[in-house]
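If you want the building blocks of each chain, they are given just below.
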Amino acid sequence: MGCPLNLTEKDPHWERLSLWHDTVITDWSPRAGLRGDTEADVAIVGAGLTGLWTAYYLAEADPSLRIVVLEAETAGYGASGRNGGWCSALFPASLSTLAGMSDRDGALAQHRAMRETVDEVARAAAAEGIDADLAKGGTIVLARSRAQLRRARREVAEARTWDRDEDDLRLLGKAEAQAVLRGTRTVGATYTPDCAAIHPAKLVRGLADAVERRGVTIHERTRVHAIAPGRAHTADGDVRARTVIRATEGYTATLAGHERAMIPVYSLVIATEPLSASTWDEIGLARRETFSDHRHLIVYGQRTADDRLVFGGRGAPYHFGSRTNPEFDQDQKVFARLYATLIDLFPALEGGTRVTHAWGGALGIPRDWCASVGLDRETGVGWAGGYVGDGVSTTNLAGRTLRDLVLERDTELTRLPWVGHRSPAWEREPLRWLGINAGLRAMTLADAEESVTRLPSLAAKVVSPLLG
Ligand SMILES: Cc1cc2nc3c(=O)[nH]c(=O)nc-3n(C[C@H](O)[C@H](O)[C@H](O)COP(=O)(O)OP(=O)(O)OC[C@H]3O[C@@H](n4cnc5c(N)ncnc54)[C@H](O)[C@@H]3O)c2cc1C
């Protein structure tokens, strides 16, 4: 099925980057770039949510700190401005993985911290007067086949072994699920209250303004080529600073010496025109719950504050040598697949619902699929990232944790298991390219296999260790 894309031909380029860029009121003219060498206490590379939350909490804790943020493009250019808008308690590594890195209490502390972070994002945004269209309706993940229902049940049973109760994650029967969201073939669902739908660009652009109000300097159109102890190096000058933080996520491989640290995997998104009240009555999501289903290859959706349906998913290929390129944001085959999936879920949209925006962006995936944050005391170089697709809230936890690490505070946050974790390097090419793309294809096949057989796919079992 084709995708009736009808993109507006607006200029400038920034406005067309995504629905979010198109619908945020902000001044897109770039902030002044770095001109010549300068000194700071903390230099932060990347003005996405990781870099900006770090700057925000540091400036709040110690207003005397000289903080400089260096951004290759414009604040919010990366994943932080273009994501699906799930501000959730999801963390890319499982509780058992986290327990393996620490112990059961450590894993549960990380989970608690993630749940609290959803509310902290809302609190900090409100405190700064940032209206990011936030609605905490939770997340519903539909089960639309027997195989999916089995996975949903297993997920809830696993949660109970971690003492995660009904208020954290619960199984919904068919009628309960349909009361929230009326997707086709629904036989049940899981539901968690720990997610808020947000408008990503309103959050990240508002945060950039907030950190500036607190005295932080943001240089835009300033690409860092290399990070070294005490220094961030750009073509227009160096920033010398006791602490340098890397906050470059999906673009990390472009930094000298970090080519195998993190791979960029593209996630693509489409958005419809605002839908009528009667269409929403048919679909549901009255509290703007974010939604998905229990298939293997992730899809995600939200109802926006202006009643559009935003729907995204993975499935775009990984590009050889961890390359990123604005062209990779536009994969018509993936857009068409997303549209077909959306119609299959909600036939009410068939027959003329316009897709007004289609875009994509790069996620950062570390080799062990485990996000991490840390600061090397000897070199003064810190980092945070590897969130896979769960960075909207995790970046906030990273920012508060980096604040404590930089200020040498021993806190509950600095004792969480992800702190100081080092992921192994990815394989060299062409092994990396072959492995990841074979894995992505196998996940698509597994979903197709299950939609025919309704039974758990064998293909998925084989490749799941590679794809997290
Ligand atoms: C399409 C899509 C959908 C997603 N949906 C969700 C979701 O619904 N929920 C969720 O939790 N997560 C989601 N994610 C993931 C989430 O958006 C990211 O994990 C998070 O935004 C990462 O923030 P960041 O600041 O670390 O990275 P980014 O936002 O990517 O910021 C990195 C910044 O660094 C800059 N930069 C890179 N290299 C350099 C350099 N050398 N010098 C200077 N600057 C540099 C980039 O221009 C960029 O602005 C999604 C991601 C994508 C792409």
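How each quantity is defined
Residues numbered from 1 in each chain as written. Predicted model: local features only at pLDDT ≥ 70, side-chain atom pairs only at ≥ 80, totals over all residues. Heavy atoms only, no water. Salt bridge = Lys/Arg side-chain N within 4 Å of Asp/Glu carboxyl O. Helix = DSSP H or I, 4+ residues; strand = E, 2+ residues; numbered from the N terminus. Buried < 20%, exposed > 50% of the residue type's maximum accessible area, 1.4 Å probe, protein only. Near = heavy atom within 4 Å. Polar contact = N/O pair within 3.5 Å; in protein donor to acceptor, adjacent residues only side chain to side chain. Areas by Shrake-Rupley, 256 points an atom, 1.4 Å probe, with all protein chains shown as cover. Nonpolar A, V, L, I, M, F, W, Y, C, P; charged D, E, K, R; others polar. Domains from an automatic or database assignment. Expected span 1.5 Å × (residues − 1). Contact = heavy atoms within 4.5 Å. Buried area = accessible area lost by both parts, 1.4 Å probe. Pairing = 2+ DSSP bridges. Axes fitted to C-alpha atoms, helices over the stretch in contact; angles between N-to-C directions. Parallel < 35°, antiparallel > 145°, perpendicular 65-115°, else oblique. Left-handed = near helix turned anticlockwise from the far one by under 90°.

1. Here's the deal with the pattern of salt bridges
1) Next: All chains considered together, the criterion is met by 34 salt bridges.
2) Next: Note that Glu212 is salt-bridged to Arg31, the shortest N-O span being 2.8 Å. With Glu212 in helix α9 (residues 200-213) and Arg31 in the loop between α2 (19-22) and β1 (38-45), the pair connects residues that are 181 residues apart, well separated along the chain.
3) Next: Between Arg295 and Asp293 there is a salt bridge, with its nearest N and O atoms 2.8 Å apart.
4) Next: Among the residues examined, Asp293 registers a relative accessible area of 4% and is labelled buried.

2. Digging into the site of the ligand
1) Next: As a matter of local geometry, the ligand sits amid 38 residues, with Thr50, Glu71, Ser80, Val224 and Gly389 nearest to it.
2) Next: Residue Ser80 places a side-chain N or O atom 2.5 Å away from an oxygen atom belonging to the ligand.
3) Next: A distance of 3.0 Å is found between an oxygen atom of the ligand and a backbone nitrogen or oxygen belonging to Gly391.
4) Next: For the ligand, the accessible surface in isolation is 1,000 Å², of which the surrounding protein chains cover 98%.
5) Next: Secondary structure elements with two or more residues in the shell around the ligand: α3 (49-61), α4 (79-82), β12 (263-272), β16 (355-365) and α12 (391-406).
6) Next: Among the residues forming the shell around the ligand, the class breakdown is 18 nonpolar, 15 polar and five charged.
7) Next: Both domain 1 (20-120 + 200-262 + 367-415) and domain 2 (139-192 + 266-360) contribute no fewer than three residues apiece to the shell around the ligand.

3. Considerations on unusual backbone geometry
1) Next: In the segment running from Glu429 into Pro430, the intervening peptide bond is cis, with an omega of 10 degrees.
2) Next: In this structure, Pro430 sits in the loop between α12 and α13 (431-453).
3) Next: Even without being glycine, Arg185 reaches a positive phi, approximately 60 degrees.
4) Next: With respect to the element layout, Arg185 can be found in the loop between α8 (174-180) and β6 (188-192).
5) Next: A relative accessible area of 41% means that Arg185 is categorised as partly exposed.
6) Next: Phi at Ser322 is positive, roughly 55 degrees, even though this residue is not glycine.
7) Next: Looking at where Ser322 falls in the secondary structure, it is placed in the loop between β15 (309-313) and α11 (332-345).

4. Focus: the environment of Asp165
1) Next: Within the secondary structure layout, Asp165 lies in the loop between α7 (146-161) and β5 (170-172).
2) Next: Along the chain, Asp165 and Val334 lie 169 residues apart, while their C-alpha atoms are 37 Å from each other.

5. Brief notes about α11
1) Next: The terminal C-alpha atoms of α11 lie 20 Å apart, and with 14 residues this matches the ideal 20 Å at 1.5 Å per residue to within 8%.
2) Next: By the burial criterion, the buried members of α11 are Val334, Phe335, Ala336, Leu338, Tyr339, Thr341, Leu342, Ile343 and Leu345.
3) Next: On its buried face, α11 sits against β4 (139-143), β12, β13 (290-293), β15 and β16.

6. Some points on the domain arrangement of the protein
1) Next: Taken domain by domain, the protein consists of domain 1 (20-120 + 200-262 + 367-415) and domain 2 (139-192 + 266-360).
2) Next: The centre of domain 1, based on its C-alpha atoms, is set 28 Å off from the matching centre of domain 2.
3) Next: On the domain 2 side, the residues contacting the 24 residues of domain 1 number 25 residues.
4) Next: In total, domain 1 and domain 2 occlude about 1,800 Å² of area from one another, counting both sides; carbon and sulfur atoms represent 55% of this.
5) Next: Our count for the contact surface shared by domain 1 and domain 2 stands at three salt bridges.

7. Concerning the pairing of strand β18 (residues 381-385)
1) Next: Burial analysis of β18 places four of its five residues in the buried class, which makes it a mostly covered element.
2) Next: In this sheet, β18 lies alongside strand β11 (residues 237-246) in parallel orientation, the contact comprising three bridges. Bridge pairing in β18 places Ile245 opposite Gly382.
3) Next: Bridging between strand β17 (residues 372-375) and β18 involves four bridges; their strand directions are antiparallel. Bridged to Leu375 within β18 is Gly382.

8. Overview of the packing of α3 against helix α6 (residues 104-127)
1) Next: Contact pair α3 / α6: the axes reach a minimum separation of 13 Å and the direction vectors enclose 65 degrees. Here α3 lies roughly perpendicular to α6, going by the angle between them. Considering how the two elements wind past one another, α3 and α6 form a crossing that is left-handed. Facing α3, whose interface residues are Trp53, Tyr56 and Tyr57, α6 presents Glu120, Val121 and Ala124.
2) Next: Here the contact of α3 with α6 is built from residues that sort into five nonpolar, no polar and one charged.

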